[in-house]
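For reference, the chains in residue letters:
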Amino acid sequence: MKPLLAILERLVELPTVSGNLAACEEGLDFIGGFLAERGLVVRRFDQDGFGALVATVRPTLSPAVMLTAHLDVVPGPEHLFTLKRDGGRAIGRGVFDMKGAIAAYLALIDELGPELGQYDLGVMITTDEETRDLGVKLLLQEEGYRPRVAVLPDGGDNWQLEEVAKGAWRVRVSTYGVPVHGSRPWTGESASFKLLDLLGDIRRRFPVEDPHVDTLNISFLRAGTAPNQLPDQAEAVLDIRVMGPAELAEVERDVAEICRRHGADLELLVLFPPVKHDLTDPLLAEFARSVERVTGVSCGSCLSFGSSDAAQYAAIGVPCAVTRPIGGGHHGDEEWVDVASLAQLVPVLRDYLRRVAHSPR
């Protein structure tokens, strides 16, 4: 467990907030160097300034198993970038989403040691998952990576295997007005008031906040450049989570119609389509058995409220095992992971690799 926590501590102290390209590159340097020292073939990629890497035991685009994770995290208080222990918990930004998984990958590679060459596996790390949907997509669709199966500990909480994941539809809506002095609003037109009216209509489109229905989050609001002037432009970013393809089509139609009525522009920022995994797939069923053998937990199925890069694998027909250890608070100020549960991820992966990716040369 000690090497795992040492790796996690190093990763957490790097402020790899989405868009902090220097910190993300430093993190990729650390990960890439660690893997290269142990004999993996490491390739680095620049995706419009966002870095990524893929490391494989063998020089191939199609390893049997691709261990996938994103290094980028959401912003947080400064204290979250120092790993802390509270009883059996490790606390810090990214320990659950997803630096804990990366630490487990590196600990696994280190543990395999001289046996590593007997395994047909790869590690894929991106740095843009929290802000856009391109990192894994580009590696699969443009670079041509095609594993038999992917592992992604970014959903399916508490060792339950994700069967359904909501989709994420993120858009920017913009309204426009006529700027005048703030003391004479009747002579102009306020873009901010127009935006508030529009957002009120959109809010009424999502009247219920329930895990099993479509949900709305308004994450950014911007308007104006001077305190005594009517803003000529205002915008908001909507983060909408949808249950399935039919619901996504309805949301796209309804929000577009509301924007049309208010004379607003609508711009797509990110789309992670809803995902439905076939848990009867032998490669996913085998992963569930590895979880049960190591943890003793009955690995059932669950709904993930968040979206992940599993959508990119689903788009090309690659099965993706999505589950993770016990933890919580991701994107909050008390993000945590159970240390003993995280440590179990290493033997879970090792057991799985032995069964589906062990192929001596």
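Structural data are supplied above this passage.
The notes below deal with the structure included here. In this convention, every chain numbers its residues from 1, walking through the sequence in written order. Predicted model: local features are reported for residues with pLDDT of at least 70 only, side-chain atom pairs are reported and counted for 80 or more only, and whole-chain, interface and lining totals are derived from all residues. Just so you know, side-chain values use all the structure's heavy atoms and leave hydrogens and water out.

### Section: the overall build of the chain
Segments assigned H or I by DSSP are reported as helices when at least four residues long, segments assigned E as strands when at least two residues long, and all are numbered from the N terminus. Counting secondary structure elements, the chain contains nine helices and 17 strands. Whereas a compact globule of 361 residues would reach a radius of gyration of roughly 21 Å, the chain reaches 22 Å, a difference of no more than 12%. By residue count, 52% of the 361 residues in the chain fall in the buried class. Note on areas: these come from Shrake-Rupley sampling with a 1.4 Å probe, and a residue is covered only by the protein chains present in the view. Total accessible area computed for the chain in this model is approximately 15,200 Å², and 52% of it derives from carbon and sulfur atoms. Averaging the coordinates of the 36 positive side-chain charges in the chain and doing the same for the 52 negative ones gives two points 2 Å apart. Our radius of gyration looks at C-alpha atoms and nothing else; its globule reference is 2.2 Å times the residue count to the power 0.38. For every residue, the accessible area obtained with a 1.4 Å probe (protein chains only) is divided by the maximum for its type, and the residue is called buried under 20%, exposed over 50%, and partly exposed between those limits. Only four residue types enter the tally: Lys and Arg on the positive side, Asp and Glu on the negative side, with His and both chain ends excluded. Note that the charge is assigned to NZ on lysines, CZ on arginines, CG on aspartates and CD on glutamates.

### Focus: the sheet that holds strand β11 (residues 233-242)
In short, DSSP must find at least two bridges between two strands for them to pair. Judged by pairing direction, the sheet is antiparallel, and its four strands sit side by side in the order β10-β11-β9-β12 without closing on themselves. Because the sheet does not close on itself, it has two edges, and the strands there are β10 (215-223) and β12 (265-272). Going across the sheet, the axis of each strand differs from the next one's by a mean of 15°, ignoring polarity. With 10 bridges joining them, strand β9 (residues 167-176) and β11 adopt antiparallel strand pairing. Counted as the bridge partner of Gly167 is Val242 from β11. Those strands touched by helix α6 (residues 245-261) are β9, β11 and β12, and its axis lies near 165° from that of β11. Structural elements are reduced to axes, namely lines fitted to C-alpha atoms, with helices fitted over the stretch in contact, and the angle between N-to-C directions of any two is expressed from 0 to 180 degrees. Only heavy atoms matter for contacts: two residues are in contact if any of them lie within 4.5 Å across the pair.

### Looking at the pattern of salt bridges
Salt bridges are identified by distance alone: a Lys or Arg side-chain nitrogen within 4 Å of an Asp or Glu carboxyl oxygen. Going through the model one piece at a time under the given rule, you end up with 32 salt bridges. Residues Arg350 and Glu115 are paired through a salt bridge, measuring 3.1 Å at the closest nitrogen-oxygen approach. Residue Arg350 is found in helix α9 (residues 339-356), and its partner Glu115 is found in the loop between α3 (99-112) and β6 (121-126); the two are separated by 235 residues along the sequence. Here Asp154 makes a salt bridge to Arg324, at a shortest N to O gap of 3.7 Å. On the criterion of sequence distance, the pair formed by Asp154 in the loop between β7 (149-151) and β8 (161-165) and Arg324 in the loop between β15 (320-321) and β16 (327-328) is long-range, its members being 170 residues apart. You'll find Asp154 and Arg324 in the same group, each marked buried. Salt bridges here are not isolated pairs; linked through shared partners, they connect Glu286, Arg289, Arg293, Asp351, Arg354 and Arg355.

### Details of the environment of Asp214
Within the secondary structure, Asp214 is located in the loop between α5 (191-205) and β10. Remark: the alpha-carbon pair of Asp214 and Asp239, spanning 25 residues in sequence, is separated by 11 Å. Non-local contacts of Asp214, meaning those with residues more than four positions away in its chain, are made with Phe206, Val208, Arg241, Val242, Met243, Glu247 and Val251. Whenever a nitrogen or oxygen atom comes within 3.5 Å of another N or O atom, the pair is scored as a polar contact, on the condition that within protein one atom can donate a hydrogen and the other can accept it, and that pairs from neighbouring residues in sequence are kept only if both atoms are in side chains. A polar contact is formed between the side chain of Asp214 and the backbone nitrogen of Met243, at a distance of 3.0 Å.

### Side note on the packing of α3 against α9
Axis separation between α3 and α9 bottoms out at 9 Å; the angle between their running directions is 55°. Classified by the angle between their axes, α3 and α9 sit oblique to one another. Considering the relative orientation of α3 and α9, their crossing is right-handed. Contacts between α3 and α9 pair Gly100, Ala101, Ala104, Tyr105, Ala107, Leu108, Glu111 and Leu112 from the former with Leu342, Leu345, Val346, Leu349, Arg350 and Leu353 from the latter. For this scheme, ten residues count as nonpolar: Ala, Val, Leu, Ile, Met, Phe, Trp, Tyr, Cys and Pro. Four count as charged, namely Asp, Glu, Lys and Arg, and the remainder, Gly too, count as polar. In the contact of α3 with α9, the residues fall into 11 nonpolar, one polar and two charged. Roughly parallel covers angles under 35 degrees, roughly antiparallel covers those over 145, roughly perpendicular covers 65 to 115, and oblique covers all other angles. In this scheme the handedness of a crossing depends on how the near helix is turned from the far one: anticlockwise by less than a right angle means left-handed, clockwise means right-handed.

### Considering the nonpolar core
Counting 78 residues, the largest nonpolar core has Leu35, Val65 and Leu121 as its most contacted members. If we skip the residues at most four places from it in the chain, Leu121 touches Ala55, Thr56, Val57, Pro63, Val65, Leu67, Ile109, Leu112, Leu116 and Leu353. Judged by nonpolar contacts, the second largest core, of 21 residues, contains Val171, Val173, Phe206 and Ile258. By nonpolar core is meant a set of buried Ala, Val, Leu, Ile, Met, Phe, Trp, Tyr and Cys residues that side-chain atoms within 4.5 Å join together.

### Regarding the sheet that holds β16
The four strands are arranged β4-β5-β17-β16 in an open sheet whose pairing can be described as antiparallel. Taken across any chain shown, the strands that pair with only one partner, and hence form the sheet edges, are β4 (84-86) and β16. Pairing between strand β5 (residues 89-91) and strand β17 (residues 336-338): three bridges, direction antiparallel. Considered in β17, the bridge of Arg89 is made with Asp338. Docked against the sheet, α9 engages β4, β5 and β17, running at close to 70° with respect to β17.

### Structural notes on the environment of Leu152
As for its position among the elements, Leu152 is in the loop between β7 and β8. Distance from Leu152 to Ala101, taken between C-alpha atoms, is 8.3 Å for residues 51 residues apart in sequence. Sequence-distant contacts of Leu152, that is, excluding residues within four places in its chain, are made with Thr68, Ala69, Met98, Tyr105, Ser308, Asp309, Ala310, Cys320, Ala321, Val322 and Thr323.

### Here's the deal with the packing of helix α7 (residues 282-295) against α9
Taken N-terminus to C-terminus, the directions of α7 and α9 make an angle of 135°; their axes are 9 Å apart at the nearest point. Considered as vectors, α7 and α9 are oriented oblique to each other. In this structure, α7 meets α9 at a crossing whose hand is right-handed. Within the contact between the two elements, α7 uses Leu283, Glu286, Phe287, Ser290, Val291, Arg293, Val294 and Thr295 and α9 uses Gln344, Pro347, Val348, Leu349, Asp351, Tyr352, Arg355 and Val356.

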